[in-house]
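Fold and contact review
Take a look at the letters that make up each chain.
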Amino acid sequence: MTKKPTRVRFAPSPTGPLHVGGVRTALFNYLFAKKNDGAFVLRIEDTDKKREVEGAEKYILDSLKWCGISVDEGPKIGGEYGPYRQSERNRLYNKEIESLLDSGHAYYAFDSEEELSNQRKECEKKGETFMYNWRNRLELKNSLSMQKKEVEMLISRGEKHVVRFLSPKDKTIETFDIVRGHSRIDSNLIDDKILIKADGTPTYHFANIVDDHHMKITHVIRGEEWLPSLALHQLLYESFGWEKPLFAHLPLILNPSGKGKLSKRSGEKSGFPVFPIKWRGDVSFEGFREFGILPSGLVNYLATLGWTPDEEAEILEITELIKLFELEKVVSAGANFDLEKLKWNNHKHIQNTKDKILVEELCVCFNEAKSLNEKLLIKAVGLVKERANTVKDLWGLLNYLFYDPIKFDEKSVTRIKKEGLEKILSAILLQCKSASGEEVFINDLKAWGEENNIGAGQIMMSLRVVLVGSLNGVDLQKIVSFVGLKNVARRASRFLGTNI
Ligand code: GLU
């Protein structure tokens, strides 16, 4: 038998900005698909129109693109198994629900909200939880308890109704999950879930199964929160007589303390975003991009949440991750989000990234950067990137290469404020005029020091504070060459005028 081509899908609901947990799910699907020469499908699960948020679909597409996760089939891209938005697939759901109704695996239910709520209250009084299933379905208002004629009459009259799944009694459902292995679930714990809502649209469970089947999905890789749905989904496959895909439920991403799921609130508390890129909605949120994280850094870090590559190397590009990825090695334990580790990873990726690209990202973080000369900015980034953990750090590290320092670090100033500082500053000013160029400037200054019995160390420290505003910064010669003697002179005379 020839092996079926691997097809996986990422199936987000467009209810808001995509959380990094969703990005990790998309990434694992993508890595698995590419490792197996398969297809990565994006399906927008937009059946719940009340929860849909404008701009969310575009945000999902933009985020995946920024991360370098390319979609093979999906909305806007197309593909053999489209449309890829569930709201455009109603004809298929209508057809498939008919087949479940015909085979007796689904039935019509006419119970009103009020009736169901009364039932719930009754159960609560007895300390029980209400479940719509074999225990009580014949006492409720549905096509199993009513005469066929009555049912037909109600439907033709346009009476509000839903379609429910007929969950089996006393059956043990044996499930298998690639990450978690085998489990046994008692079907008596599963209620007769609604498959088609009163407005005629499908629920998540129904549309999800129908689409996975029709889109020929071979592996369902999704978040742990969907694990409780696995037994029901498996029953649905069996009811249709369809071969089911293999399932893998990925572990949760936990907040830094390890207590609870990583949420927007817990991210905010720890001072980092939980979205990949900026979200512009009623309320706007920054993403990791604006926080200064590179897509390769984020992707590399997210790949290690729940999976560890069998390789010493920790800094991996997406193409290397594809080669190493093994779904079987994903663990079930939740992974704490560790900002310091992400930053460390990002630092390494900054070193491997072209300066031109870093400048593009820098301009996303700082509008001001856009007005600077691009070539100079690229050069400056190259000079300072060694010390940057984030793209945002770059700005702080290169600022003095473009702007005269306004604030001077007190400790640094104290260290240079010794006898002779005025003399040094005057010499700097003089050398700026007489030196034949930036390359000889420092040597000339040192020679002047020797003649005047002033240590080179003191002179260099003073020059650094004048140029940078502190004792930090890259190699002095590089700074002088970058800013030019005219700027050195201006900074020195300003310093002389304000600090002395
Ligand atoms: N629409 C679901 C979600 O928003 C998809 C779950 C699944 O992958 O089956 O996460």
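In this report, we go over the structure that sits alongside the text. (Residues numbered from 1 in each chain as written. Predicted model: local features only at pLDDT ≥ 70, side-chain atom pairs only at ≥ 80, totals over all residues. Heavy atoms only, no water.)

Things to note about the overall build of the chain
Within the chain one finds 20 helices and 11 strands. For 500 residues, the compact-globule estimate of 2.2 N^0.38 gives 23 Å, and the C-alpha radius of gyration of the chain, at 32 Å, exceeds that figure by more than 25%. Expressed along its principal axes, the backbone C-alpha trace of the chain runs to roughly 110 × 55 × 40 Å. The burial tally for the chain puts 50% of its 500 residues in the buried class. Put simply, of all contacts in the chain between residues at least 6 apart along the chain, 72% involve residues at least 24 apart. A total of about 25,200 Å² of accessible surface is found on the chain, and carbon and sulfur atoms cover 50% of it. (Helix = DSSP H or I, 4+ residues; strand = E, 2+ residues; numbered from the N terminus. Rg over C-alpha atoms; globule rule 2.2 N^0.38 Å. Buried < 20%, exposed > 50% of the residue type's maximum accessible area, 1.4 Å probe, protein only. Contact = heavy atoms within 4.5 Å. Areas by Shrake-Rupley, 256 points an atom, 1.4 Å probe, with all protein chains shown as cover.)

With respect to the site of the ligand
Taken together, R9, A11, S13, E45, Y204, N208, R222 and W226 form the complete shell of residues around the ligand. Y204 has a polar side-chain atom sitting 2.8 Å from an oxygen atom of the ligand. Within the side chain of W226, one N or O atom sits 3.3 Å away from an oxygen atom of the ligand. The protein chains hide 83% of the 300 Å² of surface that the ligand would expose on its own. One can see that the ligand is located within the largest pocket. Residues belonging to the shell around the ligand are distributed by class as follows: 3 nonpolar, 2 polar and 3 charged. (Near = heavy atom within 4 Å. Polar contact = N/O pair within 3.5 Å; in protein donor to acceptor, adjacent residues only side chain to side chain. 1 Å grid on protein atoms, 1.4 Å probe; cavity = no way out; pocket = protein on both sides within 12 Å on 5 of 7 lines; lining within 4 Å. Sits in = over half its atoms within 2 Å of the grid points. Nonpolar A, V, L, I, M, F, W, Y, C, P; charged D, E, K, R; others polar.)

Remarks on the environment of D48
Along the chain, the position of D48 falls in the loop between β2 (39-42) and α2 (56-67). Residue classification places D48 among the partly exposed positions, given a relative accessible area of 29%. Taking the C-alpha atoms as reference points, D48 and L101, 53 residues apart in sequence, are found 23 Å from one another.

Some remarks on the sheet that holds strand β3 (residues 106-109)
Read across the sheet, 3 strands follow the order β3-β4-β7 without closing on themselves; strand pairing throughout is antiparallel. Looking at the sheet topology across the chains shown, the edges are occupied by β3 and β7 (194-196). Neighbour-to-neighbour, the strand axes of this sheet turn through a mean angle of 45 degrees, independent of strand direction. When strand β4 (residues 162-165) meets β7, the two strands line up antiparallel, connected through 2 bridges. Its bridge partner being in β7, V163 is matched across the sheet by I196. (Pairing = 2+ DSSP bridges. Axes fitted to C-alpha atoms, helices over the stretch in contact; angles between N-to-C directions.)

Function cannot be inferred from these measures alone, as they are strictly geometric.
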